[in-house]
Structure formats: C-alpha cells, structure tokens
Amino acid sequence: MSLGRNIFFSMNCDAAAEAVGGYERIDGSLIPILDALERNPYGFPRVESDWFAARYIVTKPFEGAPALVWLFYIEPTGDVVIEHVEEYEDY
C-alpha cells in the first residue's frame, strides 16, 4: 500500500553525506527504517528551537558505516526531506 509519500535528500544532506564517506557508505543504515519513515514520519522524535524544528533518526553502525543521526522535516504535502546527516558519537 503506497501512501503517496516521497522521501528526498536535500543538497545540504548531499554535502553532509560526502563528509561522512558518501551515500555508498552510509545509505544502508536507513534501509531498516525507510518503511516507518514513509508510513509515519510524525512518529520520530522532534527537536525545536527558536531557529528551527526538525525530526531525527539515530541509526546503529551498519556494514562499515558508523552510527549516524539523520535530521529531516516533513513538507506540507507530507513528503519527507532528509536535510542533514552526521556521525553520532554517543552511541
């Protein structure tokens, strides 16, 4: 069942992904959560400040990729835009 929700990577995320080894190294860490992200992105934790609001995903180390934190937002259309990724050092 398709919910009509798309998942995109922003240009900011593209640059951040390169800094941690490129999508080839890290995108496998998202495989276990893509279904949940498509079905209910509102279920992921949210952080807010006076300057921004974002939801986040923390992934475990996976096939050579370190633990990562991925920041995303949900567009009014319901589509998900993954905005940033970086190593999660508290894992």
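The coordinates are above.
Residues numbered from 1 in each chain as written. Predicted model: local features only at pLDDT ≥ 70, side-chain atom pairs only at ≥ 80, totals over all residues. Heavy atoms only, no water.

1. Section: helix α1 (residues 11-19)
Listed as buried for α1 are C13, A16 and A17. Looking straight down α1, one finds its buried side chains confined to an arc of 105 degrees; they lie on one side. In α1, those exposed residues whose orientation departs by more than 90 degrees from the buried face are M11, A15, E18 and A19. Residues of α1 that are buried make contact with β1 (7-9), α2 (23-26), β4 (68-74) and β5 (80-87). Taken from the residues just after α1, G21 is the one with a positive phi, measuring 115 degrees. (Buried < 20%, exposed > 50% of the residue type's maximum accessible area, 1.4 Å probe, protein only. Helix = DSSP H or I, 4+ residues; strand = E, 2+ residues; numbered from the N terminus. Arc of directions from axis to C-beta. Contact = heavy atoms within 4.5 Å.)

2. Concerning the nonpolar core
By size, the foremost hydrophobic cluster in this structure holds 19 residues, and its most contacted members are I26, L37, I57, W70, F72, I82 and V85. Elements supplying a minimum of two residues to this core: α1, α2, β4 and β5. Broken down by element, this core gets its largest block of residues, four residues, from β4. Beyond its immediate sequence surroundings of up to four residues, I26 is in contact with A17, V20, A65, L68, W70 and V85. (Core = buried A, V, L, I, M, F, W, Y, C linked by side-chain atoms within 4.5 Å.)

3. A look at the environment of I82
Among the secondary structure elements, I82 is positioned in strand β5. Taking the C-alpha atoms as reference points, I82 and P66, 16 residues apart in sequence, are found 18 Å from one another. When sequence neighbours within four positions are dropped, the list of residues in contact with I82 reads I7, F8, F9, S10, C13, L30, L37, W70, L71 and F72.

4. Looking at the pairing of β4
With five of seven residues buried, β4 is to be regarded as a mostly interior element. Bridge analysis of strand β3 (residues 53-59) against β4 gives five bridges, and the strand direction is antiparallel. When the sheet's bridge partners are listed, Y56 is paired in β4 with L71. Pairing of β4 with β5, which is carried by seven bridges, proceeds in the antiparallel orientation. Residue pairing in the sheet places Y73 in a bridge with V81 of β5. What sits between β4 and β5 in their antiparallel hairpin is a turn of five residues, with G78 showing a positive phi close to 100 degrees. (Pairing = 2+ DSSP bridges.)

5. Regarding the packing of aromatic side chains
One pass over the structure, following the stated rule, counts three aromatic pairs. Judged by centre distance (5.7 Å) and plane angle (85 degrees), the rings of F44 and F72 are edge-to-face. With F44 in the loop between α3 (34-39) and β2 (46-48) and F72 in strand β4, this residue pair connects regions lying 28 residues apart in the sequence. With a relative accessible area of 15%, F44 lands in the buried category. The buried category is assigned to F72, whose relative accessible area is 1%. Every member of this aromatic cluster is reached through a ring pair, and the members are F9, Y23 and W70. (Phe/Tyr/Trp six-rings, centres within 6.5 Å; stacked < 30°, edge-to-face > 60°.)

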